[in-house]
Structures are given as C-alpha cells and as structure tokens.
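# Per-entry structural report
Single-letter residue listing:
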Amino acid sequence: MKALQLTDWKHEPELREVPEPDPGPGQLVIEVGGSGACHSDLHLIHDFDAGLLPYELPFTLGHENAGWIHGLGDGVDGLEVGEPVAVYGPWGCGRCHRCRQGMENYCMRQAEIGAAGGGLGRNGGMARYMLIPDPRLVVPIGDLDPVDAAPLTDAALTPYHAIKRSLHLLGAGSTTVVIGAGGLGHMAIQILRALTGTTVIAVDQRSEALAVAAAAGADHTVVSGDSAAEEVLALTKGIGADVVIDLVGVDPTLALAASVVRSMGHLSIVGIGGGTIPIGFFSIGYEVSVATTYWGSIPELMDVVALAQSGKTAEVTRFDLADAPSAYQQLHAGTLTGRAVIEPKK
Ligand SMILES: [Zn+2]
Ligand SMILES: [Zn+2]
C-alpha cells in the first residue's frame, strides 16, 4: 500500500510503497477513512534536527485518525470488523496511574517509550491501513463519517481539554479569546459555544479564517496585528478576557495573550510555536495562571464524539492520499480553512 512517510528530518514527506500491517495478538488494524493534516506536522517535518525527537525514521504521518475495524488480532474481543472507530492519538504505556485514568497524553513512562503515537514516531493514518497496538486506543463513533470524525481526535480533543479545565472561569458574562482560528481554533469556538455562556473573540491574521470563526459561533473577530490588544480590551470594556487560548504559541501571540488576560484569568498555551513570555510580578495581571496543555484524555475523546453526534463537527477539506503533500503545502501557506483530511482509500 502507499503511505505518506517522514523519511528524513527537515525533509518533505514522501509517498512510498510499504507492506500492509498485520495485527499481532492483542492488536488491531483499521482501514483508515480519514487522517487529518495538522499544523504540528509542519513543525515535525521542518523544525527538528536528527536526534532531537525520540522517533525512528521512517514512519507514516497522520496522528488524527478514524476508520473502520479491518482486522482483529488474537485475544481482541468486543469489537466487530467493519465497526467505525476514532483512534486516540497519544499512545502511552497503558498501565501507569495517568494512563489508567485515560490520560495517555501524560503517560508517566513516555521518556522510556519514546514514540508518542501513530504518526508521531510510529506508523500513522496516512495510508490505507493502520496498526493499532491495543483496543483501548479506539473509541466507537456510531454513525459519524470517519472523515468528519478524524479531526475530533486532535483538532477537537485538544481544545476540548484546554476548555474543560478552565470551565470554572467561563460563566455568564465572561470573555474568552481564541488566538488562531485554524483547524483547532474553529473547533474551540464550537466547543465554547456548546459548553459555556462565554463571549468568544477570535483572533487571526487571515480574513478567511475569521469568517470560519464567525460561522463557528465567534461573537467578535479581530485581525491580529498592532491594534489587536486594544481592540480586544475595547470589546471587554477595558477589563480583559477571563480565558485566553493561544493555539499558535509564538512570541507575538503570547505577548497579545498576556496583555489581554484579566487578573485572576487563565492563559492556556496550546500552540507549539515555541514562543515564550516572561512571567513575573510586573509582567502579567494579578493571579493569572498560565499552563501549557497537550492533547486530551480518552474519556474526553468520548465527550467530543458525543458533541459531534449532536452536530459539532469540523469544517473539512478532503484530499486524496496522492494530494497529501499539497495539503501540507496549503497548510503551510495558510490558504486552507478548517481542517484538511486525507482519505487514503482514494
Ligand atoms: Zn496535531
Ligand atoms: Zn503510562
């Protein structure tokens, strides 16, 4: 089968012929219905020298996947061939305290495991078939289309986790600023709409992304740039935002976030742009908390599947596997809105 693989560091991924996977005891194979192209893959492809990440090359890209059960290894029961499932992305040890709580994103043995999951050091979903090492890593999706369900596993799950842990700040009258209205951002806005009464301000450089944000339910949109902080403050009557979710995470977006988050508010750094902000007594509002968040838990994936079943789904642009490199190029150029999902069957 054809697979889009990362074959070298700082090198464009290649479509290569690889063997179809066979499920060993306790494993399963899915036929991939959809595999999302994520902005974090661009960092993976372009930013790391050999040896920086504990991943062995080559491996198939695609860490945001859904499809149909294709083959079950010995000892796997409770799942049926043909059943549609979403694949939980971060693969931990499955046994530590965090993993047993479903938080494999924060597995206590990650350093020893190395690879972070399918598409992140192990073979991901940008191929017709994908090996899943354990049935605990799939969640049934009922009658959702796997193409629509794939973005749930990252583009929805990641902001869902960030929002869920800040819910105590998001009562009526609150304001949330979402910086970056791309694949994760437009899902973050829908999730905020579904879960809270907060007023949502979306910030992005691109007017097309802000149009998607407005359609997803943002109350206000602000073009990022020199006057963005002033505009956000004006929209909050000078008070600032209760929660800022920075889905970009570069120096300018973090500076904007720090300047608009109100005292006792929270800044969630989700984007892996690698920026920093100084935290000190005079650099940010009183009692502002700042946290990075990485992905979400298995029960939270079940929650976003339920949300999708009630109509909160990603805006998706579909690509054939042969066009996957072009999906990444468009993502890089900023010309895509919503989520790009590769359909490897095509
Ligand atoms: Zn991702
Ligand atoms: Zn673990």
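Above this text you will find the structure in question.
Below you will find a few notes about this structure. (Residues numbered from 1 in each chain as written. Chains lettered and ligands numbered in written order. Predicted model: local features only at pLDDT ≥ 70, side-chain atom pairs only at ≥ 80, totals over all residues. Heavy atoms only, no water.)

## As for the overall build of the protein chain
Helix and strand counts for the protein chain stand at 11 helices and 18 strands. Rg of the C-alpha trace for the protein chain: 20 Å, near the compact-globule value of 20 Å for 346 residues, within the 12% margin. With respect to the three principal axes, the spread of C-alpha positions in the protein chain is 60 × 40 × 40 Å. Long-range pairs, those at least 24 residues apart, make up 70% of the contacts in the protein chain with a sequence separation of at least 6. Summing over all exposed atoms, the protein chain offers an accessible surface of approximately 14,400 Å²; the carbon and sulfur share of this is 51%. Here the protein chain contributes 21 positive and 39 negative side-chain charges, whose respective centroids are spaced 4 Å apart. (Helix = DSSP H or I, 4+ residues; strand = E, 2+ residues; numbered from the N terminus. Rg over C-alpha atoms; globule rule 2.2 N^0.38 Å. Contact = heavy atoms within 4.5 Å. Areas by Shrake-Rupley, 256 points an atom, 1.4 Å probe, with all protein chains shown as cover. Lys, Arg positive; Asp, Glu negative; His and termini not counted. Charge placed at Lys NZ, Arg CZ, Asp CG, Glu CD.)

## Let's talk about the layout of surface pockets
What the second largest pocket holds in volume is close to 250 Å³. Considering the residues around the second largest pocket, the lining is formed by 17 residues, among which Met-1, Pro-21, Thr-60, Asn-123 and Leu-131 are closest to the centre. Looking at the lining of the second largest pocket residue by residue, the classes come out as 11 nonpolar, four polar and two charged. (1 Å grid on protein atoms, 1.4 Å probe; cavity = no way out; pocket = protein on both sides within 12 Å on 5 of 7 lines; lining within 4 Å. Points joined across faces, edges and corners; volume = space filled by probe spheres on them. Nonpolar A, V, L, I, M, F, W, Y, C, P; charged D, E, K, R; others polar.)

## Digging into the pairing of strand E3 (residues 28-37)
Burial runs high along E3: 10 of the 10 residues are buried. Direction of pairing for E3 relative to strand E5 (residues 65-72): antiparallel, over a ladder of seven bridges. Each residue of the ladder has a partner; that of Gly-34, found in E5, is Ala-66. Relative to strand E9 (residues 129-132), E3 runs antiparallel, the two being bridged by four bridges. Bridged to Ile-30 within E9 is Met-130. Pairing analysis gives three bridges linking E3 to strand E18 (residues 339-343), with the strands arranged antiparallel. Each bridged residue has a counterpart across the sheet, and for Ser-35 the counterpart in E18 is Ile-342. (Buried < 20%, exposed > 50% of the residue type's maximum accessible area, 1.4 Å probe, protein only. Pairing = 2+ DSSP bridges.)

## Here we look at the sheet that holds strand E2 (residues 14-17)
What the three strands build is an open sheet, ordered E2-E1-E4; its pairing is antiparallel. On the outer flanks of this sheet lie E2 and strand E4 (59-60), each paired with one strand and no other. The pairing of strand E1 (residues 2-6) with E4 spans two bridges and is antiparallel. The residue bridging Leu-6 from the neighbouring strand is Phe-59, located in E4.

## As for the side chain of Thr-253
With respect to the helices, strands and loops of the structure, Thr-253 is situated in helix H9 (residues 251-260). Thr-253 sits in the buried class, given a relative accessible area of 14%. Within the local environment of Thr-253, its side chain forms a polar contact with the backbone nitrogen of Gly-249, the two atoms lying 3.3 Å apart. Of note is the side chain of Thr-253, whose polar atom sits 3.0 Å from the backbone oxygen of Val-250. For Thr-253, the residues in contact, after removing those within four places along its chain, are Ile-179, Asp-246 and Val-248. (Polar contact = N/O pair within 3.5 Å; in protein donor to acceptor, adjacent residues only side chain to side chain.)

## Some points on the coordination of the zinc ion (ligand 2)
On the protein side, the zinc ion (ligand 2) has Cys-93 (SG), Cys-96 (SG), Cys-99 (SG) and Cys-107 (SG) as donor atoms, found 2.3 to 2.4 Å from it. Here the zinc ion (ligand 2) binds four donor atoms, and the angle range of 104 to 117° at the metal identifies the geometry as tetrahedral. Using a relative accessible area of 8% as the deciding quantity, one classes Cys-107 as buried. (Donors = N, O, S within 2.8 Å, 3.2 Å for Na, K, Ca; no water. Tetrahedral: all angles 85-135°; square planar, octahedral: opposite > 155°, others 65-115°.)

## A word on the nonpolar core
One broad rule of soluble globular proteins: the nonpolar side chains tend to lie buried together. Ranked by internal contacts, the top residues of the largest apolar core, which has 80 residues, are Leu-61, Met-126 and Ile-132. Grouped together as the second largest cluster of nonpolar side chains are 21 residues, Val-177, Ala-241, Leu-256 and Ile-284 included. (Core = buried A, V, L, I, M, F, W, Y, C linked by side-chain atoms within 4.5 Å.)

## Notes on the coordination of the zinc ion (ligand 1)
Coordination angles at a metal have ideal targets, namely 109.5 degrees for four tetrahedral donors and 90 or 180 degrees for six octahedral donors. Taken together, Cys-38 (SG), His-63 (NE2) and Asp-154 (OD) make up the full set of protein donors to the zinc ion (ligand 1), lying 1.8 to 2.2 Å away. In the primary sequence, the donor residues of the zinc ion (ligand 1) line up as C-x24-H-x90-D. With a gap of 25 residues between them, Cys-38 in the loop between E3 and helix H1 (39-46) and His-63 in the loop between E4 and E5 connect regions that are remote in the sequence. On the accessibility criterion, Cys-38 (5% relative accessible area) is buried. Residue His-63 is classed as buried on the basis of its relative accessible area of 3%.

## Concerning helix H8 (residues 228-235)
Along H8, the residues classified as buried are Ala-228, Ala-229 and Val-232. The buried residues of H8 occupy an angular sector of 100° when the element is viewed end-on, so they sit on one face. Turned more than 90 degrees away from the buried face of H8 sit Glu-230 and Ala-234, all of them exposed. The elements touched by buried residues of H8 are strand E11 (175-179), strand E12 (199-204), strand E13 (220-223) and H9. Note on H8: the residue one or two positions beyond its end, Lys-237, has a positive phi of about 55°. (Arc of directions from axis to C-beta.)

## Examining the packing of aromatic side chains
Evaluated as defined, the whole model comprises four aromatic pairs. Summarising the aromatic geometry, the rings of Tyr-55 and Phe-59 are spaced 5.8 Å apart at their centres and angled 85° between planes, so their arrangement reads as edge-to-face. Under the relative-accessibility criterion, Tyr-55 is labelled buried at 14%. Accessibility expressed as a relative area gives 1% for Phe-59, which makes it buried. Their ring planes at 65° and their centres at 5.8 Å tell us that Phe-281 and Tyr-286 sit as a pair that is edge-to-face. Overall, Tyr-286 belongs to the exposed group, its relative accessible area being 58%. Feature note: the residues Phe-281, Phe-282 and Tyr-286 constitute an aromatic cluster, connected by ring pairs. (Phe/Tyr/Trp six-rings, centres within 6.5 Å; stacked < 30°, edge-to-face > 60°.)

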